[in-house]
Amino acid sequence: MSNTTLTADIIAAEALMILEDNCVMGGLVHRGYEEEFAKKVNGYTVGETISIRRPNDFTVRDGAVADIQDVVEGKTTFTVDKQKGVDFKFSSQDLTLQIDKLSERVIKPAVVQLAHQIDRDLMSLYKYVNNHVTIPSGGIDSFADFALAPTRMDTCAVPQGDRSAVLSPADTWKMLGSQTALYIQDAARGAYREGSLGKIAGIDTYMSQNVPVHLTGSRTGTDAIAASFTGDTWAATKDTNYSTINIGSMSGSTVTLKAGDTLTIADVYDVDPVSKQALPHLKMFTVVNNETASGSAIASCEISPAIIPSGAQATVAFASGVTDINTKVVTYQGAASTQYTQNLFFHKNAFGLVMVPMVAPPGAPDVSRKSHKGYSVRVIPYYDGTNDVSNWRLDVLYGIKCIDPRLAVRASLAADVA
């Protein structure tokens, strides 16, 4: 086969194929919002935004008399604000190679890094997920350990189907090793060749080196709500999905909470999202921002989801006789200042990825943009005549969003060393 001088189009097409093949999370999350962006002939720039609606909830009436409910929709924004790229150079001799040789030497290593960055960004959304299960010490080394997260998903009425799990390498191999007494040829083949354990209890299960590690704040666990709080309303929190609480009785004047720390509040129970009946476990909340105590208290700590104790959009149920959670004890998941691996179990609609074609700059004479199945790359070469090399930039533009945190669960160890 004769060599062909490679063009931006050829290299962009090769890069796009490699990107599709190497994104784990990108294929597991909701990708429908690309259609919401207006069709632009010349592509998109950083910061373009759409609004997306938060799901409505309703209550069922009893009897024949109509009980009209207001439809008050919440909304949030989805912004394409992540421009990532890899830059490299080819000599004139390089560009006469066959594409498979050039791909193996240069393009694939560059694009694999981009794919891993997209995966890392998507998995960083764990901080918005409040539901959390604790895996016994030793990791996910049995079906019973694995089942803790989907059990919580079922309890919280997460829809069946389109469920995935992404596990750390250590937990992946522990889980696979626990099945050696069983005949699981397909699962073993998928794990070896594609990083997939196949379906376990109806959940497509994958391994990723990009599973994040969360470092908890220096808080201890002797804290309590330090101000009157009777709950929020849907109308007040429909666009933010968080409540602001005052946490006092902290162990020091500068102790911290980290975004992504999870906590429970005594006498504040979870509810079935459909029936709104109280569930037997306490509601879990995630801390929205990094916080530092002042005077042994954090006066304005934002936690998600919002604490809504009544109505069609209720998120919690207070214990019998409780109307104000002032003085209720706050308990944190995990030890203080400790790292925990954040395995993720989620329904497809929990997270979203939007990737759009980038603008073709007017001053660039040779620009190639390739898109396929929601992935898009842009390649621009520019020549350095002094050194007889071609500099190439490869860019992607995308946005990520935790669309509905109710549809995901984190799973971390009781004692983790990362």
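Before reading on, note that the structure itself is shown above.
Predicted model, so just to flag it, every value in this text is computed and none were measured.

What counts and what doesn't
Each residue is numbered by its place in its chain's sequence as written, counting from 1. At least 70 in pLDDT is required for a residue's local features to be given in this predicted model, at least 80 for side-chain atom pairs to be given and counted, and no such filter applies to totals for whole chains, interfaces and linings, which use all residues. Excluding hydrogens and water, the side-chain figures rest on all heavy atoms present in the structure. Secondary structure is summarised from DSSP: a helix means a run of H or I of at least four residues, a strand means a run of E of at least two, and numbering begins at the N terminus for each. Categorising residues by exposure relies on relative accessible area from a 1.4 Å probe, with only protein chains included: less than 20% of the type maximum marks a residue as buried, more than 50% marks it as exposed, and the intermediate range marks it as partly exposed. Classification of ring pairs rests on two measures: the distance between centres of Phe, Tyr or Trp rings, Trp counted by its six-membered ring, which must be within 6.5 Å, and the angle between planes, read as stacked under 30 degrees, edge-to-face over 60 and tilted in between. Two residues form a contact once any of their heavy atoms are found within 4.5 Å. In what follows, salt bridge is the name for a side-chain nitrogen of Lys or Arg lying within 4 Å of a carboxyl oxygen of Asp or Glu. Any pair of nitrogen or oxygen atoms within 3.5 Å is treated as a polar contact; in protein, a donor-acceptor pairing is required on top of that, and neighbouring residues in sequence qualify only through side-chain atoms on both sides. We treat two strands as partners when DSSP finds at least two bridges between them.

**Student:** It is not clear to me how unusual backbone geometry should be interpreted in this structure. Could you clarify?
**Tutor:** Outside of glycine, negative phi angles account for most residues, and trans bonds account for most peptide bonds. Cis geometry is found at the peptide bond from Ser304 to Pro305, where omega equals 5 degrees. Relative to the assigned elements, Pro305 resides in the loop between strand E15 (298-304) and strand E16 (316-318). In this structure, Ser249 takes a positive phi of about 60 degrees despite not being glycine. Its place among the elements puts Ser249 in the loop between strand E10 (243-248) and strand E11 (256-257). Positive phi, close to 65 degrees, is recorded for Ser296, a residue that is not glycine. Position of Ser296 relative to the elements: it lies in the loop between strand E14 (291-292) and E15. On the basis of relative accessible area, Ser296 is assigned to the partly exposed category, the value being 24%.

**Student:** Whenever I open this one, the packing of aromatic side chains confuses me. Can you help?
**Tutor:** Each aromatic ring pair is summarised here by two numbers: the centre-to-centre distance and the angle between the ring planes. Within this structure, the stated rule accounts for three aromatic pairs. Taking 5.6 Å as the distance between ring centres and 50 degrees as the angle between the ring planes, the aromatic pair formed by Tyr33 and Phe78 counts as tilted. With Tyr33 in the loop between helix H1 (8-22) and strand E1 (48-53) and Phe78 in strand E2 (residues 75-80), this residue pair connects regions lying 45 residues apart in the sequence. The pair Tyr33 / Phe78 is uniform in exposure class, with both members buried.

**Student:** What should I look at first to understand the environment of Thr45 in this one?
**Tutor:** Take Thr45: it is sitting in the loop between H1 and E1. Here Thr45 falls in the partly exposed class, since its relative accessible area comes to 41%. When the C-alpha positions of Thr45 and Tyr398 are compared, they lie 10.0 Å apart, and in sequence the two are 353 residues distant. In this structure, Thr45 is in contact with Val80, Val359 and Leu397, ignoring residues within four places of it in sequence.

**Student:** Whenever I open this one, the pattern of salt bridges confuses me. Can you help?
**Tutor:** Side-chain pairs of opposite charge can arise where the charged atoms are in close proximity. Evaluation of the coordinates by the stated rule reveals eight salt bridges. Note that Lys238 and Asp239 form a salt bridge whose closest N and O atoms lie 3.4 Å from each other. With relative accessibility at 36%, the residue Asp239 sits in the partly exposed group. Among the ionic pairs, Arg378 bridges to Asp395, the shortest N-O distance being 3.4 Å. Taken together, the positions of Arg378 in strand E22 (residues 375-384) and Asp395 in strand E23 (residues 389-402) put the pair 17 residues apart, joining distant regions of the chain. Accessibility assignment for this pair places Arg378 and Asp395 in one class, buried. Overlapping salt bridges, with partners in common, bring together Arg378, Arg393 and Asp395 in one network.

**Student:** Could you clarify how one ought to interpret the environment of Ser142 in this entry?
**Tutor:** Relative to the assigned elements, Ser142 resides in the loop between strand E4 (132-135) and helix H3 (143-155). Judged by relative accessible area, which is 23%, Ser142 ranks as partly exposed. For the pair formed by Ser142 and Lys174, sequence separation is 32 residues and the distance between their alpha carbons is 7.8 Å. Ser142 has contacts with Met175 and Ser178, leaving out every residue within four places of it along the chain. At 3.1 Å, the side chain of Ser142 forms a polar contact with the backbone nitrogen of Asp145.

**Student:** Explain the pairing of E22 here, please?
**Tutor:** Side-chain direction in a regular strand flips from residue to residue, so the side chains alternate between the two faces of the sheet. Across the 10 residues that make up E22, a large majority, seven, are buried. In this sheet, E22 lies alongside strand E21 (residues 368-372) in antiparallel orientation, the contact comprising five bridges. Bridge pairing links Ser371 to Ser376 in E22. Two successive antiparallel strands, E21 and E22, enclose a turn made up of two residues, where Lys373 displays a positive phi of approximately 50 degrees. When E22 meets E23, the two strands line up antiparallel, connected through seven bridges. Residue pairing across strands places Pro381 opposite Trp392, the latter belonging to E23.

Taken by themselves, the reported measurements are silent on function.
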